[in-house]
Each structure stands twice: as C-alpha cells, then as structure tokens.
Amino acid sequence: MSIIQVENVTKIYKSGKGIFDISFSVDQGEVFGYLGPNGAGKTTTIRQLMGFTNVDQGRCLIRGMDTRLQAEEIQKFVGYIPGEIAFFNNMTGKQFLDFISQMRKQAKSRTAELVTRFELDVKPKISKMSKGMKQKVALTAAFMHDPEIYILDEPTSGLDPLMQKTFIELILEEKKRGKTILMSSHSFEEVERTSDRAGVIREGRLVALEDVNSLKAAQRKAFIVTVVSSGEVELLQNSNLEISRITGNQVEIIISSNYDEFIRVLTKCSVKGLDVLNQNLEQAFMKYYGREAEKNE
Amino acid sequence: MNKTLFKQTSKSNWIIGVIIFTVMMMYLSIIISMFDPENMEGIMAMLETMPQELMAAMGLTELGVTLTSFVVSYYYGFLVIMFPMIYSIIVANRLIAAHVERGSMAYLLATPNSRLEIVITQALFLILSITVLFLFVFLAGIIFSEILFPGHLEIGSFLLVNLITLLLFYAVSGISFFFSCLFNTTRKSLAFGAGVPVAFFVLDMLSNVRDQYSWIGNFSLFSLSDPLRIVEGDAVISISIVVPLLIALMTYTAGIIIFNRKDLPI
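About the cut-offs
- Residues numbered from 1 in each chain as written.
- Chains lettered and ligands numbered in written order.
- Predicted model: local features only at pLDDT ≥ 70, side-chain atom pairs only at ≥ 80, totals over all residues.
- Heavy atoms only, no water.
- Helix = DSSP H or I, 4+ residues; strand = E, 2+ residues; numbered from the N terminus.
- Buried < 20%, exposed > 50% of the residue type's maximum accessible area, 1.4 Å probe, protein only.
- Contact = heavy atoms within 4.5 Å.
- Buried area = accessible area lost by both parts, 1.4 Å probe.
- Salt bridge = Lys/Arg side-chain N within 4 Å of Asp/Glu carboxyl O.
- Polar contact = N/O pair within 3.5 Å; in protein donor to acceptor, adjacent residues only side chain to side chain.
- Nonpolar A, V, L, I, M, F, W, Y, C, P; charged D, E, K, R; others polar.
- Pairing = 2+ DSSP bridges.
- Core = buried A, V, L, I, M, F, W, Y, C linked by side-chain atoms within 4.5 Å.
- 1 Å grid on protein atoms, 1.4 Å probe; cavity = no way out; pocket = protein on both sides within 12 Å on 5 of 7 lines; lining within 4 Å.
- Points joined across faces, edges and corners; volume = space filled by probe spheres on them.
- Phe/Tyr/Trp six-rings, centres within 6.5 Å; stacked < 30°, edge-to-face > 60°.
- pLDDT = per-residue confidence, 0-100.
- Axes fitted to C-alpha atoms, helices over the stretch in contact; angles between N-to-C directions.

Undergrad: For the overall build of chain A, give the residues involved together with the corresponding values.
TA: Along its length, chain A carries 12 helices and 14 strands. Overall size of chain A, expressed as C-alpha extent along the three principal axes, is 70 × 45 × 35 Å. Relative to its 297 residues, chain A shows a buried fraction of 52%. Of the contacts formed within chain A by residues at least 6 apart in sequence, a portion of 68% connects residues at least 24 apart.

Written out as structure tokens, the structure reads:
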C-alpha cells in the first residue's frame, strides 16, 4: 500500500528552476532514498510533501490526504527534518524540544532515550551549538513523537562519521518497526545502507527509479593503482579496463561491475598501492549525470 | 489561537514592549510635570524660542490650557505616534517574515497546527500587545496626573483620545503585519512595513508645518484623528473610528489570507 504518493508534480520557480513531472510512491514499511546533487530539486519535492508550497500541476498525497490542504492532519503522524538548520532564537535545546512537544500536544515521548543515544547536551542555547549538535537537536525533534512516517531532508549533514553510523542504525531499527521513510541525500553510500528503493533526480527530473541493488550495479567507482614500472602502466592500458587518468606510475581506473576482471589484471602487476577515490554523486552515476560529471572534471 | 505559540511569542517579544513603554513613561512623566496651571504663559514663551516649523511639525502650535489638553496636545500629537509605531514595525516583522526567512516557520508548520491557526495567533499577539501598551499608557497618565495635579485630568476625554489612538494603531500594525505576511525576507518586509507607516508620519508632520501644506494631511493615516479637537469636543469622531477600523480589518485579513495560501521557501 502506498503511503506517500507523488503524482506528476511540476513546480517551477521564477528562476526557471524547479521540478518537472515527478512521480514516485513509497510503500508502507519502505525506506526510499531520494538522491541528487545540491540544487537538483530534492528540497523542492520535500516542500511539496510538507505542504509548504502549492503545486503547479499534479498532486502529493500522504495516506491519501492532500499534503497542501490537509497538512495539519498529516503532521500528526509525520516526523520531519528540514534541509537547512534553523531554530528559534534564544532557546536552549531543552526549551526547543519542550516547545515542539507542546505544539504537537504530544502525550508519549522518547526524547530522553534519543538525547542519550545521540549524546546530545540539551542545556546550552541552540545558537551557541556546533553544526553537528544542532543537527542532533533536529533529529531528536523529528523522532521524539515516534511518528509513523519520516520525511528527512539530508538528515546526516553536519554529523560526524560516528553519529552518521548511529543515525543509520536508528533508521534501520525504525524500518524494522514498520515505519515508512523518505530520506533525501547526496551520498549513495548512505542510501545504499538504509534504503530499499531510490529515486535519482537531476535538474528537476527523475532520471532513475530503481531498487538499490540495481542502482549499485550502475555505480562507478574509481581506484588509484600505483604500480612499479611504466611497463606495467602499459599493461594496464592494454587491458579492457577503463582508465581515466595516468600520472607517472599512478593509474586511475574506473570500475562499475567488472571487479573480477580488475582483480585478474592486477595480479599480473606488482601493486604498490591501491586507493579508492572519493567521488561525488554525478561521477558515480555517470549514466544519469553524463553532462554534469563532465563539467565537474 | 494556539496557546503554546502565543506564550512563546510573548516570551521573545515582551522585552521590546517594555523598552518602548519605559521610554514613553519617561516622556509622559516629564510632560505632565511641566504643566503649571498658574503659569501657562511661561511654557508658551519657552516654546516660542524654539524653531516654529519644528514645533508645528510636532503639532505643538496650539497648546491647551487645561491639564488634559496640555498632555494631549504635547504628548499625543507626536510621541504617542512615534514609539508605538516603532513597536509595531519591529514586532510585526518578527512575527511572520523573520520566521519564514530564518526557516523556523518550518518547525511550526511541521506540528499538527494549520497555517491559519499560526498566523492568527501571531496577529492576535500584535493586536493584544498594542492594546496592553495603550492601556498601560492610559493608566500611567492618570496616575502621574493624580500624583502631581490631583483632580485636574478629565478622565473621560483622556480615555477617548487613548481609544482613538489605539484604533489608529490597529491600522498601523495591520499595515506592517500585512507586509510581514506578504514578503519572505525581512529586508522587504521591513522596507514596506516600516516605509508605509513612516511615510504617513512624515506627511502628517509636513501638513502641520504651514496652513498651505495642510492638504498633504489628506494622504496620511495619522491626520485622521486630531487629539486636541477630540478633547475640545469638536472633532468628527466617527471618521477617526471607522476608517482606522476598516484599514485594520482589511490589512489583517489580507495578511492572514495571503500567508495561508502562499508558497513558503522554508
């Protein structure tokens, strides 16, 4: 059963940017990753789901209710993290969380549990907190009323790697408890570890809507192989591997699903170093982002 | 109306109200203490040493001879316009536009409260806080007068002047509130939310300078009520009641409807 439905939604801003004819749905108990680089339209879509903006065309439904017209009703069972961290002036973490609880007329609360889990100190003023600390306050505010549905806009931005791990564990737990989650991200690794399906958005258009495993097959990874001699560099060049750059004895090789072949070729060389190159989303999904990836080179 | 939000809004804005009220009290006490029933000529002579255009702009060409008309002409022509106007402009901007610009509006709307409920709560705060401000000014005026010149203040007409000025400020705050709802940035909200009331204020001052400029006053909201005429009982009170009320009704309603419908970049 579809919990979140986005049907042919178009929203164009004055600048000409926006989202164009986007359609996807998220089922009960599913984790949906919404992937795209900054400015692709992730937040624009999420604003529609939160009822902050009016669609030009199409409609968004959560549990069959119109997200713009019935936002008040929908918010009773939704937890939300905004893409940009923004709070109220002059409130401490505790004051803010209490205020949001009261605004929700929230009876049950697992605030204490979350605060311990995220190692969050709620006593200082939010304006004095670090970016990571603020994001933890936002996470707690979104999870504390134990909602049925989560809409999370780049939830891990600002978190250190350890906290990102804690967050991913929390998402997996919520998934086990049958919660429906839509999570935007510009990191495929994060989506890969949490999501069942993912949508890839590029310049306001959905370019892929697949389960995470088939997306993984499309992902390209870059490895930097350091070999001993120029003869071995030639050997690598003559193989079927895709080579993107050569600097001295360092060869940058792009792998998508041909790991087997990669290993076989490498056994013929004496390898002195092997590193994985960090790539952004556009580079990892050249298939969908052909043009932008080239621009970034 | 949402009580939790109302409490939070009061908490983050009361200090502005207190500052404005304190400054107003300072002037009010000075002005009342300047009144001297035996020697009005002395005060007149002192005022005549000031630049006449400046005094006229502040509406001080004719000073009443009773305590009531003295306070009303000296205080309600200029100071009681300026300070509540500053309050309206600052607070109206903070109530809506600042939340939208900062993004904290997203947190309010991510709770099960409708936009309508949130914007109406903020509007009510502005209306109620201005009412309280004028109530305090009114009470303080009575207290100061009774301490310094017992029995001199005509409370009935003093109340009427306060009521009519209060209505005027429902309109002024409505204008600022409207722009706060209309714009998504505090820069624009302040430019118009302050610009329009200040323009009315300047037009009112200009119209007082010389008789030949008095037609300018027709374009100013503040020229609708003439406090001294009200005290003396020869002003057309119905206009000073109906027009500000209509403007207040229109601006607050329009602001609320616009906010309820518009796209929010949060």
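Undergrad: Outline the interface of chain A and chain B, listing residues and values.
TA: Counting residues at the interface gives 27 residues for chain A and 26 residues for chain B. Three residues, Phe52, Phe88 and Met103 of chain A, lead the burial of chain A against chain B; their summed loss comes to 27% of the area buried on that side. For the pair chain A and chain B, the number of links is one salt bridge. Put simply, chain A and chain B have 11 residue pairs in polar contact (both at pLDDT 80 or more) between them. Elements supplying a minimum of two residues to the side of chain A that touches chain B: helix H1 (42-50), helix H3 (93-103) and helix H5 (131-143) of chain A. By residue class, the composition of the side of chain A that touches chain B is 14 nonpolar, six polar and seven charged.

Undergrad: For the sheet that holds strand S5 (residues 65-66) of chain A, give the residues involved together with the corresponding values.
TA: Pairing is antiparallel in the open sheet, where four strands are placed in the order S2-S1-S4-S5 (chain A). Each of the sheet's edge strands pairs with one partner strand only, and the pair in question is strand S2 (18-27) and S5 of chain A.

Undergrad: Tell me about the nonpolar core, residues and numbers included.
TA: Phe96 and Phe143 of chain A together with Tyr75 and Phe177 of chain B are the most contacted members of the largest nonpolar core, which has 141 residues in total. Looking at this core, the element that brings in the most residues is helix H9 (residues 155-182) of chain B, giving 15 residues. If near-sequence neighbours (up to four positions away) are discounted, tyrosine 75 of chain B is found in contact with Met24, Met25, Tyr27, Leu28, Ile31, Val80 and Val137 of chain B. By size, the runner-up hydrophobic cluster in this structure holds 14 residues, among which are Ala198, Val212, Leu215 and Ala218 of chain A.

Undergrad: Pulling in residues and values, what's your account of empty space enclosed by the protein?
TA: By the definition in use, this model includes one cavity of 30 Å³ or more. Approximately 30 Å³ is the volume found for the largest cavity. Lining of the largest cavity is provided by Tyr80, Ile100, Arg104, Ala141 and Ala142 of chain A together with Tyr107, Ala110 and Thr111 of chain B. A per-class count over the lining of the largest cavity returns six nonpolar, one polar and one charged.

Undergrad: Go over the packing of aromatic side chains with me, naming the residues and quoting the values.
TA: Within the structure shown, the criterion is met by 29 aromatic pairs over all chains. With 5.9 Å between their ring centres and 75 degrees between their planes, phenylalanine 52 of chain A and tyrosine 80 of chain A make a pair best called edge-to-face. On the criterion of sequence distance, the pair formed by phenylalanine 52 of chain A in the loop between H1 and strand S4 (57-62) and tyrosine 80 of chain A in strand S6 (residues 78-81) is long-range, its members being 28 residues apart. Summarising the aromatic geometry, the rings of phenylalanine 6 of chain B and phenylalanine 125 of chain B are spaced 5.7 Å apart at their centres and angled 70 degrees between planes, so their arrangement reads as edge-to-face.

Undergrad: Help me get a handle on the confidence of the model for chain B, residues and values and all.
TA: Put simply, chain B has an average pLDDT of 88, and 94% of its residues get 70 or more. Two numbers describe this predicted complex: its pTM, 0.87, and its ipTM, 0.85.

Undergrad: Tell me about the layout of surface pockets, and please be specific about residues and values.
TA: All names here are of chain A. Size it by volume and the largest pocket reaches roughly 1,100 Å³. In terms of residue count, H1 provides more of the lining of the largest pocket than any other element does, four residues in total. Its residues assigned to classes, the lining of the largest pocket shows 15 nonpolar, 13 polar and 15 charged.

Undergrad: Talk me through the pattern of salt bridges; I want residue IDs and the actual numbers.
TA: Residue and element names in this part refer to chain A. Under the definition given, this model contains 18 salt bridges over all chains. Put simply, aspartate 56 and lysine 11 hold a salt bridge, and the shortest N to O gap is 3.9 Å. Separated by 45 residues along the polypeptide, aspartate 56 in the loop between H1 and S4 and lysine 11 in strand S1 (residues 2-12) bring together distant segments of the chain. A relative accessible area of 42% means that aspartate 56 is categorised as partly exposed. Between arginine 110 and aspartate 146 there is a salt bridge; the shortest N-O distance is 3.4 Å. With arginine 110 in the loop between H3 and helix H4 (111-117) and aspartate 146 in the loop between H5 and strand S7 (149-153), this pair connects stretches of sequence that are 36 residues apart. By relative accessible area, aspartate 146 is classed as buried at 17%. One salt-bridge network, in which partners are shared between bridges, spans Arg110, Asp146, Glu174, Arg177 and Lys179.

Undergrad: So what about the pairing of S4 of chain A? Which residues, and what values?
TA: Residue and element names in this part refer to chain A. Where S1 meets S4, five bridges bridge the pair, whose relative direction is antiparallel. Across the sheet, threonine 10 pairs through a bridge with glutamine 57, a residue of S4. With two bridges connecting them, S4 and S5 associate as antiparallel partners. Residue leucine 61 lies in a different strand from S5, and its bridge partner there is aspartate 66. Where S4 folds back on S5, the antiparallel hairpin that results is connected by two residues, among which arginine 63 adopts a positive phi of roughly 50 degrees.

Undergrad: Just give me the short version of the confidence of the model for chain A, but keep the residues and values in it.
TA: Mean pLDDT over chain A: 88, with 96% of residues reaching 70 or higher. When pLDDT is averaged over each helix and strand of chain A, the minimum, 60, is found for helix H12 (residues 286-296) of chain A and the maximum, 96, for S7 of chain A.

Undergrad: I'd like to hear about the sheet that holds strand S9 (residues 197-202) of chain A, residue by residue, with values.
TA: Residues and elements named next belong to chain A. Strand order in this open sheet of six strands is S6-S7-S8-S3-S9-S10, and the pairing throughout is mixed. If you trace the sheet from one side to the other, it starts and ends with S6 and strand S10 (205-211), each paired once. The sheet shows a mean angle of 15 degrees between the axes of neighbouring strands, direction not considered. Packed on one face of the sheet, H1 meets strand S3 (31-35), S6, S7, strand S8 (180-185) and S9 and runs near 145 degrees to S7. Across the face of the sheet, helix H6 (residues 161-176) comes into contact with S3, S7 and S8 while running at roughly 150 degrees to S8.

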